[in-house]
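Listed below, chain by chain, are the residues.
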Amino acid sequence: MTAPFLQQITILGATGSIGTSTLDVIARHPGRYDVFALTADSSVDKLARLCLRFEPRYAVMANEAAAEKLRRLLAVAFCPTEVLSGAAALCEVASSPDVSTVVAAIVGAVGLEPTLAAVRAGKKVLLANKEALVMSGRIFMDAVLASRATLLPIDSEHNAIFQSLPGNYRCNPDVNGVRRILLTASGGPFRRLPQEKLEQVTPADACAHPVWKMGRKISVDSATMMNKGLEVIEAYWLFAVPESRIEVVVHPQGVVHSMVDYVDGSVIAQLGNPDMRVPISHALAWPERIDSGTTMLDLFGIGTLDFEPPDFSRFPCLSLAYQALRAGGTAPTALNAANEVAVEAFLDSRLGFCGIAEVIAATLERVTPEKANNLETVLAIDIQAREIAREETARRAIA
Ligand code: NAD
Ligand code: MG
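A brief look at the structure comes next. Everything numeric here is computed off the predicted structure, so don't read it as measured data. (Residues numbered from 1 in each chain as written. Chains lettered and ligands numbered in written order. Predicted model: local features only at pLDDT ≥ 70, side-chain atom pairs only at ≥ 80, totals over all residues. Heavy atoms only, no water.)

Considering the nonpolar core
Here is step 1: Among the nonpolar cores identified, the biggest contains 93 residues, and Phe 140, Leu 335, Ile 356 and Ile 360 are the most heavily contacted of them.
Here is step 2: Setting aside residues up to four positions removed in sequence, Leu 335 forms contacts with Met 226, Leu 230, Ile 233, Leu 320, Ala 321, Ala 324, Ile 360 and Leu 364. (Core = buried A, V, L, I, M, F, W, Y, C linked by side-chain atoms within 4.5 Å. Buried < 20%, exposed > 50% of the residue type's maximum accessible area, 1.4 Å probe, protein only. Contact = heavy atoms within 4.5 Å.)

Listed below in structure tokens is the structure:
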């Protein structure tokens, strides 16, 4: 057997939940993966520990003050990693000719430019950062086609769909007899909470996800079900399936990660423990398979799998996402921007939980969608929608 090709990997957002799971998988397979660059926003101590362990060629911090702190920590430990800072450095480590694979695991719109840089450089891109794709779907997918980058979803649902589609799927559902995408959702922590209690929930309640342990922003998105809304848009772009054929199925156990329904009545699903190392290792090794470190699925222990329709009145964010997708153009950009502003305000206890959907709805009404055919327009709408969402948040500010 020949030795596998050594993938040089950049992890954008190495200190987060996805970054940590990725490094866990990489550490299990030292002969296959070598860490080229690790990046983080402000967690200097955590990135320093990762640099000492994985010895990347580069580390990138979001700003120079954090980078200087990291340099000092690494110098006393004789770690040779070169430390850079800022947005341009993120794009450089994502597109360097020495890199084969980029894991896009920064949270939010700030991840767009380095992820696009990786795509434009034709890398194998493992996409966790769904906000990047939601805000710029057409531009992003056109760039994938133009550069022949390999885009592999590691969002668990999209990875499941990817695994359930035929290997020759070329973004036309009808050619392959695909009728529907069935996107599963756990329903988050408030699936059964009486609706009148939703206004009182705290950031800690919202971040206590029943199935997945994730970063704070996506945990709040799961609690409002905006996460599923963003995922509907993500599926639309990744698999070119019209929104009327993407159906959300609430499945509280989080074992069936999504399904593809075919015209002959066959439904193909991917099952597994709710452990992000599974989709991450699938995409890292694709088309091969490697050990992810997860435990074996215990179907007898799970016993029952439940499925129910989503409650659109309890979770208006889900309807707002479908609405933005139908409106098209830059509407999903505005949706994403307003959501990021509102979620940050909720996490800072400046906005109530139900205010999140209100801010997004009000922002969508005030931002006129435009054609999203260049990055400048998308970035301008992102800025405009954030300004409006801040006003709408201030109007609903809680004491
Ligand atoms: P997280 O908050 O745990 O980590 C975010 C990472 O991004 C950190 O490394 C942080 O340093 C970096 N970052 C944040 N702001 C930055 C900035 N301004 N500049 C540069 N770097 C910055 O988030 P997460 O849960 O790991 O999620 C990351 C992405 O993956 C999100 O887009 C999320 O929707 C997606 N995702 C996460 C999961 C999960 O299980 N956590 C599952 C599916 C998809
Ligand atoms: Mg997901």
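Here's the deal with the packing of aromatic side chains
Here is step 1: All told, the structure shown has six aromatic pairs when counted by the stated rule.
Here is step 2: Note on Phe 162 and Trp 286: the rings are 5.8 Å apart at their centroids and 65° apart in plane angle, and the pair reads as edge-to-face. Placement of Phe 162 in helix H7 (residues 156-164) and of Trp 286 in the loop between helix H11 (277-285) and helix H12 (299-302) is noted, with a sequence separation of 124 residues between them.
Here is step 3: Given the relative accessible area of 24%, Phe 162 is considered partly exposed.
Here is step 4: What makes Trp 286 partly exposed here is its relative accessible area of 35%.
Here is step 5: A ring pair is formed by Phe 346 and Phe 353, whose centres lie 5.6 Å apart and whose planes are at 70°; its orientation type is edge-to-face.
Here is step 6: Using a relative accessible area of 1% as the deciding quantity, one classes Phe 346 as buried.
Here is step 7: Classification of Phe 353 by relative accessible area gives buried; the value is 6%.
Here is step 8: In textbook terms, an aromatic cluster arises when at least three aromatic residues are bridged by ring pairs, as seen for Phe 190, Phe 346 and Phe 353. (Phe/Tyr/Trp six-rings, centres within 6.5 Å; stacked < 30°, edge-to-face > 60°. Helix = DSSP H or I, 4+ residues; strand = E, 2+ residues; numbered from the N terminus.)

As for the packing of helix H13 (residues 316-327) against helix H14 (residues 331-347)
Here is step 1: Where H13 meets H14, the axes come as close as 7 Å, and the angle between the chain directions of the two elements is 150°. By the criterion of interaxial angle, the relationship of H13 to H14 is roughly antiparallel. The residues of H14 that touch H13, namely those facing Leu 320, Ala 321, Ala 324, Leu 325 and Ala 327, are Ala 331, Pro 332 and Leu 335.
Here is step 2: A per-class count over the contact of H13 with H14 returns eight nonpolar, no polar and no charged. (Axes fitted to C-alpha atoms, helices over the stretch in contact; angles between N-to-C directions. Parallel < 35°, antiparallel > 145°, perpendicular 65-115°, else oblique. Nonpolar A, V, L, I, M, F, W, Y, C, P; charged D, E, K, R; others polar.)

Considerations on the coordination of the magnesium ion (ligand 2)
Here is step 1: Protein coordination of the magnesium ion (ligand 2) is provided by Asp 155 (OD), Glu 157 (OE) and Glu 231 (OE), with donor distances spanning 2.1 to 2.2 Å.
Here is step 2: Along the chain, the residues donating to the magnesium ion (ligand 2) are arranged with the sequence spacing D-x1-E-x73-E.
Here is step 3: Under the relative-accessibility criterion, Asp 155 is labelled buried at 8%.
Here is step 4: Overall, the relative accessible area of 8% leaves Glu 157 in the buried class. (Donors = N, O, S within 2.8 Å, 3.2 Å for Na, K, Ca; no water.)

Notes on the side chain of Thr 10
Here is step 1: Tracing the backbone shows Thr 10 in strand S1 (residues 7-12).
Here is step 2: With residues up to four places along the chain from it excluded, the contact list for Thr 10 reads Phe 36, Ala 37, Val 93, Ala 94, Val 99, Thr 101, Val 102 and Val 103.

What to know about the pairing of strand S4 (residues 82-85)
Within a regular strand, side chains alternate between the sheet's two faces.
Here is step 1: As judged from the four bridges shared by strand S3 (residues 58-61) and S4, these two strands associate in the parallel manner. Pairing of Ala 59 across the sheet is with Val 83, part of S4.
Here is step 2: On the question of chirality, the crossover connecting S3 to the parallel S4 by way of helix H3 (residues 64-76) is right-handed. (Pairing = 2+ DSSP bridges. Right-handed = clockwise from strand over helix to strand, strands pointing away.)

As for the environment of Asn 176
Here is step 1: Mapped onto the elements, Asn 176 comes out in the loop between H7 and strand S8 (178-185).
Here is step 2: Overall, the relative accessible area of 17% leaves Asn 176 in the buried class.
Here is step 3: When near neighbours in sequence (up to four residues on either side) are disregarded, Asn 176 contacts Pro 166, Asn 168, Tyr 169, Arg 170 and Tyr 262.

Structural notes on the side chain of Asn 339
Here is step 1: With respect to the helices and strands, the residue Asn 339 is situated in helix H14.
Here is step 2: Overall, Asn 339 belongs to the buried group, its relative accessible area being 0%.
Here is step 3: When residues no more than four places from it in sequence are discounted, the contact partners of Asn 339 are Lys 217, Asp 221, Met 226, Leu 230, Ile 356 and Ile 360.

A closer look at the site of ligand 1
Here is step 1: Among the 22 residues in the neighbourhood of ligand 1, the closest are listed as Thr 15, Ser 17, Asp 41, Glu 131 and Gly 215.
Here is step 2: A distance of 2.6 Å is found between an oxygen atom of ligand 1 and a side-chain nitrogen or oxygen belonging to Glu 131.
Here is step 3: Computed on the free molecule, ligand 1 has an accessible area of 820 Å², of which 86% lies beneath the protein chains in the complex.
Here is step 4: Broken down by secondary-structure element, the contributors of at least two residues to the shell around ligand 1 are helix H1 (17-27) and helix H6 (130-147).
Here is step 5: Class assignment for the residues of the shell around ligand 1 results in twelve nonpolar, six polar and four charged. (Near = heavy atom within 4 Å. Polar contact = N/O pair within 3.5 Å; in protein donor to acceptor, adjacent residues only side chain to side chain. Areas by Shrake-Rupley, 256 points an atom, 1.4 Å probe, with all protein chains shown as cover.)

What about the packing of H7 against H11?
When two helices pack together, their arrangement is given by the angle between their axes and by how far apart the axes lie.
Here is step 1: The contact between H7 and H11 brings their axes to 9 Å, and the two run at 50°. Judged by the inter-axis angle, H7 sits oblique to H11. Our pair here, H7 against H11, has a crossing hand that is left-handed. Residue-level contacts link Ser 156, Asn 159, Phe 162 and Gln 163 of H7 to Pro 279, His 282 and Ala 283 of H11.
Here is step 2: Across the contact of H7 with H11, the residue classes break down as three nonpolar, four polar and no charged. (Left-handed = near helix turned anticlockwise from the far one by under 90°.)

Here we look at helix H16 (residues 375-395)
Here is step 1: A rise of 1.5 Å per residue sets the reference length of H16, with its 21 residues, at 30 Å; its end C-alpha atoms lie 30 Å apart and thus fit the reference within 8%.
Here is step 2: Listed in full, the buried residues belonging to H16 are Leu 375, Thr 377, Val 378, Ile 381, Asp 382, Ala 385, Arg 386, Ile 388, Ala 389, Glu 392 and Thr 393.
Here is step 3: Looking at the buried side of H16, the elements it contacts are helix H5 (112-120), H6, H14 and helix H15 (353-366).
Here is step 4: Among the residues of H16, the N-terminal cap falls to Asn 374, whose side-chain oxygen and the backbone nitrogen of Glu 376 are separated by 3.2 Å. (Expected span 1.5 Å × (residues − 1).)

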